[in-house]
Amino acid sequence: MSDTNTIIASSEGRKRRSWTFTIGAIIVGLHLAIGLMTLVWTPYDPAALSGGRLEAVSFLHLAGTDRLGRDLFSLIMTGSRIALTVGTGAIVIGGLIGMTIGLLAAFASKTLDDVLAAGLDILIAFPTLLLAMLIVAASDGASLQTAIVAIGVANSAIVARLTRILTKRVLAMDYITASRISGTSWIGVIRIHILPNIWPTLLVNLALQFGLAVIAEASLSYLGLGAPPPNASWGRLLQEAQATVYTAPIGAIAPGIALVSLVIGINLLADGLRDLADPTRRSRR
Amino acid sequence: MTPLLDIHGLSIRTGEKSLVTDLSFSLSPGERLGLIGESGSGKSLTALAAIGLLPDALKASGSVRLDGRQVIGARDRDLVPLRGTAAAVVFQEPLTALDPLMKIGRQVGEAVKRRATRDRGATDKASITRKVRALLDQVALPDPDRIINAWPHEISGGQRQRAAIAMALACKPKLLIADEPTTALDVTTQAEILALLARLVSERDMALLFISHDLPVVAGAVDRLVVMQHGHIVETGLVGDVFNQPNHPYTQSLVAAARAFDDALEIAE
């Protein structure tokens, strides 16, 4: 009886998760499509003055205009591209650095492992945004690239710590010993056993980090440390709309919705991804 | 005949604590030896030391020669070719002995491929699959087509252990180390796995190092016994001799316990 209940409950759980995956994929897909579209077409040139100052929402300007008279909808569309670019870049950098350090720590001697683990803990205790600000300040000046590198490096500590823990857990398993006994080299063990086993958890974490990277980029841009003009980052749009938030609230609401919808979409996608990558959670065939 | 596995004066320590002290025994090709003792007596550590896979925190001293090569103090890289060809291991817990994220067929296939690469044999997909199927047949797994495409969590504990044995066999080892291979299984499955191991060892003319805490289980599977307690060898001898005339008090208590269990069965009948 209780078995039947568990099976029903878990199949409902799977259904719910695949549902979240679909919604997440649709939202992220929409942002991706819009981002790609801005490469060839936007309703107006996002940098040009296409209307009066602070125009209200109309069919001509779907999200009104900003205080200079630029079309906000076109700016927000371009913002999708920037958010996705920074998110992807940060995840690639954070993932590569983080996984390398994490694997290194898991295989290192006890002393080196302790040093690396302590270093990671300190990095993680350091606020991501503050770290990113430091990196931006230390480089030649704010640009899209510095934002990507800064957020990526800040993310890498979290990825490294997770990789280290997951790898150590897999290394303690009998099948690693069995594989070693049958003559697999350490490189082979990493390729055949460790990466496939840590990948599902790591993938979900990377997806969540993607969402955090999008928020971090908006925060950096809001502070003026992100992509400089004419890049229309959502964070900068929010900052520019701040002065006129009572007279033209749409200027803050529209980029806000764009930012929140992308982050929620990514989180839903992350939730659903885990089940696709892990066969033990997939329905039995 | 030179012994396949020759352990002489092996000691294993962690920090100040001695886990295995001055252990010596040897194993000839084709011989079946049982290593018996209670939990924590150092049986499994001895097996790991035999193939040079002790955790870094443990220090081994003495001499372990596997297939004529010194294992203790050897570099890991030098041991890789020795492993698998000289010895393979079947573990106690079949669930953790298989990678949960790899289908059984591929898992056995990896071991087959490694051995084929070493022998410079064919490593194309078709011949690997053929060999995997033959191995699954040999360990008497039913419905090999289904098992090849099954994930480890989709088959039973006994079937998992058979798959693990197939992986060990794929290496074509001269010595099979079975580390409590039946402890996690129910009694009927246990008997089947024991019969399977006995058949495979004689068919393939492998040596067997059988590790267990269960005297009756070991007695049926091996010719000679080494009894360990607290990291020391307390008694060695042929199975019949040890059973009929146990010298050491620990062995006597093991035999008495086994007899008491038999008697209880007879009374129950």
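As the structure is a prediction and not an experimental result, all values here were calculated from the model.

Trainee: Please give an account of the overall build of chain A that cites residues and values.
Mentor: Tallying secondary structure elements over chain A gives nine helices and zero strands in all. Scanning chain A from its N terminus toward the C terminus, one meets helices and strands in the order α-α-α-α-α-α-α-α-α. Overall, chain A is about 75 × 55 × 30 Å in size when its C-alpha atoms are taken along their principal axes. Burial statistics for chain A: of 285 residues in total, 44% are counted as buried.

Trainee: Break down the confidence of the model for chain B for me, citing the residues and quoting the values.
Mentor: Residue and element names in this part refer to chain B. Per-chain confidence: chain B averages 86 in pLDDT, with 99% of residues scoring 70 or above. Mean pLDDT per element in chain B: helix 2 (residues 76–79) is the minimum at 80, and strand 8 (residues 207–212) is the maximum at 91. Both scores are available for the predicted complex, with the pTM at 0.78 and the ipTM at 0.75.

Trainee: So what's going on with the pattern of salt bridges? Residues and values would help.
Mentor: Pairs can form between side chains of opposite charge whenever their charged atoms are close. In the structure shown here, the tally under the stated rule is 19 salt bridges over all chains. A salt bridge links D223 of chain B to R32 of chain B; the nearest nitrogen and oxygen atoms lie 2.9 Å apart. Of this pair, D223 of chain B sits in the loop between helix 9 (215–221) and strand 9 (224–229) while R32 of chain B sits in strand 3 (residues 32–37), placing them 191 residues apart in sequence. The shortest N-O distance in the salt bridge between E203 of chain B and R199 of chain B comes to 3.1 Å. Taken together, the residues span about one helical turn, with E203 of chain B and R199 of chain B both in helix 8 (residues 187–204) at a distance of four residues. Given a relative accessible area of 33%, R199 of chain B falls into the partly exposed group. Through salt bridges that share partners, D66, R70, R236 and E240 of chain A make up one connected network.

Trainee: Provide a residue-level description of the interface of chain A and chain B, including the pertinent values.
Mentor: Each partner contributes residues to the interface: chain A has 23 residues there, and chain B has 28 residues. Of the roughly 2,200 Å² buried at the junction of chain A and chain B (both faces included), carbon and sulfur atoms supply 60%. The interface formed by chain A and chain B contains zero salt bridges. In this structure, the connection of chain A to chain B is made through five residue pairs in polar contact (both at pLDDT 80 or more). Taken together, the elements giving at least two residues each to the side of chain A that touches chain B come down to helix 6 (174–181) and helix 7 (186–222) of chain A. The element contributing the most residues to the side of chain A that touches chain B is helix 6 of chain A, with seven residues. Residue composition of the side of chain A that touches chain B, by class: nine nonpolar, eight polar and six charged.

Trainee: Quick rundown of helix 3 (residues 110–125) of chain A? Include the residues and the values.
Mentor: All names here are of chain A. With 16 residues, helix 3 should cover 22 Å at 1.5 Å per step; its first-to-last C-alpha distance of 22 Å lies within 8% of that length. Those residues of helix 3 lying buried are D113, A117 and L120. Buried residues of helix 3 fall within an arc of 65° about the axis and therefore sit on the same side. Structural note: helix 3 exposes T111, V115, I122 and A125 on the side pointing more than 90 degrees away from its buried face. On its buried face, helix 3 sits against helix 2 (72–107) and helix 5 (144–171).

Basis of the calculations
Residues numbered from 1 in each chain as written. Chains lettered and ligands numbered in written order. Predicted model: local features only at pLDDT ≥ 70, side-chain atom pairs only at ≥ 80, totals over all residues. Heavy atoms only, no water. Helix = DSSP H or I, 4+ residues; strand = E, 2+ residues; numbered from the N terminus. Buried < 20%, exposed > 50% of the residue type's maximum accessible area, 1.4 Å probe, protein only. pLDDT = per-residue confidence, 0-100. Salt bridge = Lys/Arg side-chain N within 4 Å of Asp/Glu carboxyl O. Contact = heavy atoms within 4.5 Å. Buried area = accessible area lost by both parts, 1.4 Å probe. Polar contact = N/O pair within 3.5 Å; in protein donor to acceptor, adjacent residues only side chain to side chain. Nonpolar A, V, L, I, M, F, W, Y, C, P; charged D, E, K, R; others polar. Expected span 1.5 Å × (residues − 1). Arc of directions from axis to C-beta.

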